[in-house]
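# Coordinates in review
Each chain, written out:
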Amino acid sequence: MAVPVAFFALFFAYPVTAIVGRGFRTDDGWRFGRIGEVLGRPDILDVLWFTTWQALASTALTLLIALPGAYVFARFAFPGKQVLRAVVTVPFVLPTVVVGTAFLAVLGRGGLLDELWGVRLDTTVWAILLAHVFFNYAVVVRTVGGLWSQLDPRQEEAARVLGAGRFAAFRRVTLPALVPAVAAAALMVFLFTFTSFGVVQILGGPAYSTLEVEVYRQTAQLLDLPTAAVLTLVQFTVVGAILAVHAVTVRRRERALKLVDPAQTSRRPRGAGQWALLGGVLLTALLLILLPLGVLVERSLDGPGGYGFGYYRALQSAGSGASSTFLVPPLEAVGNSLRYALVATLIALVVGGLAAAALTRRAGRLVRGFDALLMLPLGVSAVTVGFGFLITLDKPPLDLRTSWILVPLAQALVGVPFVVRTMLPVLRAVDERLREAAAVLGASPLRAWREVDLPLVRRAVLVAAGFAFAVSLGEFGATVFIARPDTPTLPVAVARLLGRSGELNYGQAMALSTILMLVCAVSLLLLERIRTDRSGEF
């Protein structure tokens, strides 16, 4: 545990506590009375109310739309299932900036709805809710569908034989077994939407602000650290409570269920009802996921002179309208992002792999608490982390403000939880007697790991690396603070282009977003070929 603890203490706990501390510390001492002052402001109460209710509405809407998809992926076998599962997962690993851009191309000024019916939904709460469903659809499909595919269908069939109707059998047999998975998925969706940043910033406009957006505004624009510190504490408290409840639901699911091989539960649809359900899920995936992504690609090709690669060619130059936005050609952001993501993936694999190995030992409350702490970077304000990097890592021996390694370190914080969650169930499944036999035969602990554990978890390591690479590639909240102007990442470049007026800037943003989307899609398709079904975890 030494390396993971040191990594999180130095690059997560230290920057966050430092930035929060600056908000409460004055020349006269500590002023914790600011908490009541800030939370009593009407504008802050409006932000808290909007953040909470939009997260609840987004979670409910996501469950309503995604649960039928979870059933279809769990129980039905149909051509193209693997490819479709990868496609519906792409939005989850896309940067929120790209998600906002895709929906802007559909719902915004000059978007598809505006062109067809003269309807605009950007700067409305409906655009935010739909984008959140788009982003979190895969969380429900993977988490609930992964478990559903491993539930023995003969239990429900036995209830039907004993006289229960279809709905009664589902309600009394299957639903109680799925409740922990549904609760875990709902909690994760609520977590991601409660801390939403890029989607709200792009689609919501000035009328809507979540806690994360308000922390960014108070920190970067108003330089009001006391208000930002209070909001960070509120967000930290909520996220901690969500993760604690999530840990309980996951442990309950692991202990309570007897699972079977997913291959035994999947079959072709039977009857008109099941075919209609499959068709409805495919139509939902088409309209909700493929349409925004397709329109994004179409807008990137629709130049002033007709369809072509004009916007892509413009990315190769820092001039032609982009000179005031970038110091280098925007296309260089692709290379920057790939290099940063590769280094971040390596860091995440080392730190996350060691953490997963430590957690496998089940060494009491300390280790279980560390398991929950590893998830905190997914919910704590990335804006706070990024700004904390700037004000803490500025003195020897850790003066990293001008170092390129600062960006991969911030990205690795987000990648480590995915590595741990992917590798931990597989490591726990390794029979301890194999390690003991290797030790009896004279193998050192390191050799026992290399000869016993590594061959069994190699596929899980590849899957973890793929997820870490994808989420590192799309990290935006912290990177927007620490990426240097001459070495922007793809999400930062997209945000900068969208922040400036002009058709060329808009087209280049669409082109960069398409490039990033394609890289993520290729990563997910490769993951589908090597993924393991040993765990129902997302």
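Reading guide: rules and limits
Residues numbered from 1 in each chain as written. Predicted model: local features only at pLDDT ≥ 70, side-chain atom pairs only at ≥ 80, totals over all residues. Heavy atoms only, no water. Helix = DSSP H or I, 4+ residues; strand = E, 2+ residues; numbered from the N terminus. Buried < 20%, exposed > 50% of the residue type's maximum accessible area, 1.4 Å probe, protein only. Contact = heavy atoms within 4.5 Å. Areas by Shrake-Rupley, 256 points an atom, 1.4 Å probe, with all protein chains shown as cover. Phe/Tyr/Trp six-rings, centres within 6.5 Å; stacked < 30°, edge-to-face > 60°. Core = buried A, V, L, I, M, F, W, Y, C linked by side-chain atoms within 4.5 Å. Salt bridge = Lys/Arg side-chain N within 4 Å of Asp/Glu carboxyl O. Axes fitted to C-alpha atoms, helices over the stretch in contact; angles between N-to-C directions. Parallel < 35°, antiparallel > 145°, perpendicular 65-115°, else oblique. Left-handed = near helix turned anticlockwise from the far one by under 90°. Expected span 1.5 Å × (residues − 1). Bend = angle between axes of the 7 residues up to and from the residue. Patch = residues over 30% accessible without salt bridge, like charges linked within 9 Å, V, L, I, M, F, W, Y side chains within 5 Å. Lys, Arg positive; Asp, Glu negative; His and termini not counted. Charge placed at Lys NZ, Arg CZ, Asp CG, Glu CD. pLDDT = per-residue confidence, 0-100. Polar contact = N/O pair within 3.5 Å; in protein donor to acceptor, adjacent residues only side chain to side chain.

## Quick look at the overall build of the protein chain
- Assigned secondary structure in the protein chain consists of 23 helices and six strands.
- The buried share of the protein chain, reckoned over its 538 residues, is 53%.
- Residue pairs in contact within the protein chain that sit at least 24 positions apart in sequence constitute 79% of those at least 6 positions apart.
- Total accessible area on the protein chain is roughly 23400 Å²; 64% of this is exposed by carbon and sulfur atoms.

## Observations regarding the packing of aromatic side chains
- Applying the stated criterion across every chain, the model contains 13 aromatic pairs.
- With a centroid separation of 5.6 Å and an interplanar angle of 25°, the aromatic rings of Phe-190 and Phe-194 are classed as stacked. You can see Phe-190 and its partner Phe-194 sitting in helix 9 (residues 166–194), four residues apart, about one turn around the helix. Here the two residues Phe-190 and Phe-194 agree in accessibility, since each one is buried.
- Grouping aromatic residues by their ring pairs yields a cluster made of Phe-7, Phe-8, Phe-11, Phe-12 and Phe-389.

## With respect to the environment of Ser-523
- Note that Ser-523 resides in helix 23 (residues 503–530).
- Taking the C-alpha atoms as reference, Ser-523 lies 6.3 Å from Gly-466; in sequence the two are 57 residues apart.

## Overview of the environment of Leu-342
- Within the secondary structure, Leu-342 sits in helix 15 (residues 332–360).
- The exposed category is assigned to Leu-342, whose relative accessible area is 54%.
- A sequence separation of 127 residues divides Leu-342 from Phe-469, and the C-alpha atoms of the two residues are 6.5 Å apart.

## Let's talk about the nonpolar core
- In terms of nonpolar packing, the biggest core is built from 169 residues, with Phe-7 and Phe-389 touching the most fellow members.
- The greatest single-element share of this core, amounting to 16 residues, is contributed by helix 7 (residues 125–148).
- Contact partners of Phe-7, with chain neighbours within four places excluded, come to Phe-12, Ile-347, Val-351, Leu-409, Ala-412, Leu-413 and Val-416.

## Notes on the environment of Arg-421
- Position of Arg-421 relative to the elements: it lies in helix 18 (residues 406–429).
- For the pair formed by Arg-421 and Ala-356, sequence separation is 65 residues and the distance between their alpha carbons is 8.0 Å.

## Section: the pattern of salt bridges
- Taken as a whole and judged by the stated rule, the model has five salt bridges.
- Here Arg-299 makes a salt bridge to Glu-115, at a shortest N to O gap of 3.4 Å. Of this pair, Arg-299 sits in helix 13 (residues 271–301) while Glu-115 sits in helix 6 (residues 112–117), and the two are 184 residues apart along the sequence.
- The class of Arg-299 is buried, set by a relative accessible area of 8%.
- With a closest N to O distance of 2.7 Å, Arg-217 and Glu-214 form a salt bridge. Remark: Glu-214 and Arg-217 occur in helix 11 (residues 211–221); sequence separation between them is three residues, near one turn of the helix.
- Exposure remark for Glu-214: the relative accessible area of 3% places this residue in the buried category.
- One continuous salt-bridge network, built from bridges that share partners, spans Glu-115, Glu-298 and Arg-299.

## What about the packing of helix 3 (residues 42–75) against helix 9?
- Look at helix 3 against helix 9: their axes get within 8 Å of each other, and the N-to-C directions meet at 135°. When the interaxial angle is binned, helix 3 and helix 9 end up oblique. Handedness of the helix 3/helix 9 crossing: right-handed. Here Thr-51, Thr-52, Gln-54, Ala-55, Leu-56, Ser-58, Thr-59, Thr-62, Leu-63 and Leu-67 of helix 3 come into contact with helix 9, specifically with Val-182, Ala-186, Val-189, Phe-190, Thr-193 and Phe-194.

## Here we look at helix 13
- Over its 31 residues, helix 13 extends 42 Å from the first C-alpha to the last, a length consistent with the 45 Å expected when each residue adds 1.5 Å.
- Largest kink in helix 13: about 45°, centred on Leu-290, with the proline Pro-292 one to four residues after it.
- Considered for burial, the residues of helix 13 that qualify are Gln-274, Leu-278, Val-281, Ala-285, Leu-288, Ile-289, Pro-292, Leu-293, Val-295, Leu-296, Arg-299 and Ser-300.

## Looking at a positive patch on the surface
- A surface patch of positive charge is lined by Arg-160, Arg-166, Arg-267 and Arg-270.
- Structurally, the position occupied by Arg-270 is in the loop between helix 12 (225–256) and helix 13.
- Of the residues examined, Arg-270 reaches a relative accessible area of 57% and is grouped as exposed.

## Observations concerning a nonpolar patch on the surface
- There is a patch of nonpolar side chains on the surface, built from Leu-283, Leu-286, Leu-287, Leu-290 and Leu-291 and spanning about 420 Å² of accessible area.
- When you line up the elements, Leu-286 lands in helix 13.

## Considerations on the confidence of the model for the protein chain
- Chain-level pLDDT for the protein chain is 81 on average; 89% of the residues reach the 70-or-more range.
- Segment residues 532–538 is flagged for pLDDT under 50; beyond a separation of four residues in sequence, or across chains, it makes 26 contacts in the model.

## Digging into the packing of helix 3 against helix 13
- Helix 13 packs onto helix 3 with a crossing angle of 125° between their chain directions and a minimal axis gap of 10 Å. Taken together, the axes of helix 3 and helix 13 lie oblique to each other. For the pair helix 3 and helix 13, the crossing hand works out as left-handed. Contacts between helix 3 and helix 13 involve Ile-65, Pro-68, Gly-69, Tyr-71 and Val-72 on the former and, on the latter, Gln-274, Leu-277, Leu-278, Val-281, Thr-284 and Leu-288.

## Observations concerning the side chain of His-132
- Looking at the element boundaries, His-132 is found in helix 7.
- The exposure class of His-132 is buried, given its relative accessible area of 2%.
- In this structure the side chain of His-132 is engaged in a polar contact, spanning 3.3 Å, whose partner is the side chain of Gln-54.
- If we ignore the near neighbours within four places in the chain, the residues touching His-132 are Gln-54, Ser-58, Thr-62, Thr-193, Ser-196, Val-199 and Val-200.

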